[in-house]
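# Secondary and tertiary structure notes
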Amino acid sequence: LVAVYPNPTAGVLYVSLPAGMLGSDLRFLVYDATGRLVLEQLGAAQKLTTLDWSNLADGLYTLLVRTDRGQAAYKVALDR
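The following paragraphs examine the structure supplied in this document. As the structure is a computational prediction, the values presented were derived from the model and not from experiment. (Residues numbered from 1 in each chain as written. Predicted model: local features only at pLDDT ≥ 70, side-chain atom pairs only at ≥ 80, totals over all residues. Heavy atoms only, no water.)

So, about the overall build of the chain. The helix and strand inventory of the chain stands at zero helices and seven strands. Along its sequence from the N terminus, the chain presents helices and strands in the succession β-β-β-β-β-β-β. Rg of the C-alpha trace for the chain: 12 Å, near the compact-globule value of 12 Å for 80 residues, within the 12% margin. For the chain, the spread of C-alpha atoms along the principal axes amounts to about 35 × 20 × 20 Å. The 80 residues of the chain split such that 35% are buried. Taking contacts inside the chain between residues at least 6 apart in sequence as the whole, the part at least 24 apart equals 48%. (Helix = DSSP H or I, 4+ residues; strand = E, 2+ residues; numbered from the N terminus. Rg over C-alpha atoms; globule rule 2.2 N^0.38 Å. Buried < 20%, exposed > 50% of the residue type's maximum accessible area, 1.4 Å probe, protein only. Contact = heavy atoms within 4.5 Å.)

Moving on, we get to a nonpolar patch on the surface. On the surface, Tyr5, Val12, Tyr14 and Leu48 cluster together into a nonpolar patch covering about 320 Å² of accessible area. Here tyrosine 5 lies in strand β1 (residues 3-5). On the basis of relative accessibility, which here comes to 37%, the residue tyrosine 5 falls in the partly exposed class. (Patch = residues over 30% accessible without salt bridge, like charges linked within 9 Å, V, L, I, M, F, W, Y side chains within 5 Å. Areas by Shrake-Rupley, 256 points an atom, 1.4 Å probe, with all protein chains shown as cover. Salt bridge = Lys/Arg side-chain N within 4 Å of Asp/Glu carboxyl O.)

On to the nonpolar core. In terms of nonpolar packing, the biggest core is built from 18 residues, with Val15, Leu17, Trp53 and Leu63 touching the most fellow members. Within the residue set of this core, elements represented by two or more residues are β2 (12-16), β3 (25-31), β6 (59-67) and β7 (70-78). (Core = buried A, V, L, I, M, F, W, Y, C linked by side-chain atoms within 4.5 Å.)

Read across the open sheet, the four strands follow the order β4-β3-β6-β7; overall the sheet is antiparallel. The open sheet has two edge strands, β4 (37-44) and β7, and neither has a second partner. Averaged over all neighbouring strand pairs, the angle between strand axes comes to 15 degrees, with direction disregarded. Of the pairings in the sheet, the one linking β3 to β4 comprises seven bridges and is antiparallel in character. (Pairing = 2+ DSSP bridges. Axes fitted to C-alpha atoms, helices over the stretch in contact; angles between N-to-C directions.)

Here we have three strands laid out as an open sheet, ordered β1-β2-β5, and antiparallel in their pairing. A single partner strand is all that each edge strand has here, and the edge strands are β1 and β5 (48-52). Each neighbouring strand pair of the sheet contributes to a mean axis angle of 20 degrees, computed without reference to strand direction.

Before going further, it helps to examine the side chain of threonine 49. Assignment of secondary structure puts threonine 49 in strand β5. Residue classification places threonine 49 among the buried positions, given a relative accessible area of 10%.

In structure tokens, the structure reads:
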């Protein structure tokens, strides 16, 4: 199970991945409330990944976590 925290976040978001997803190609896609892609981060899946949202405006976002094994979407609030 993927864990995304804290939610709401003040600008730094952590994504914890299960052992079965480690080492796979990973893509984080962040969409704003209008569906516009505002942030993309690529890399190899690690146990804990830090996402910096400090340059985004406060609001509600959709975080899409995509690997070669599938994808999952999470609603995250940014509130400073």
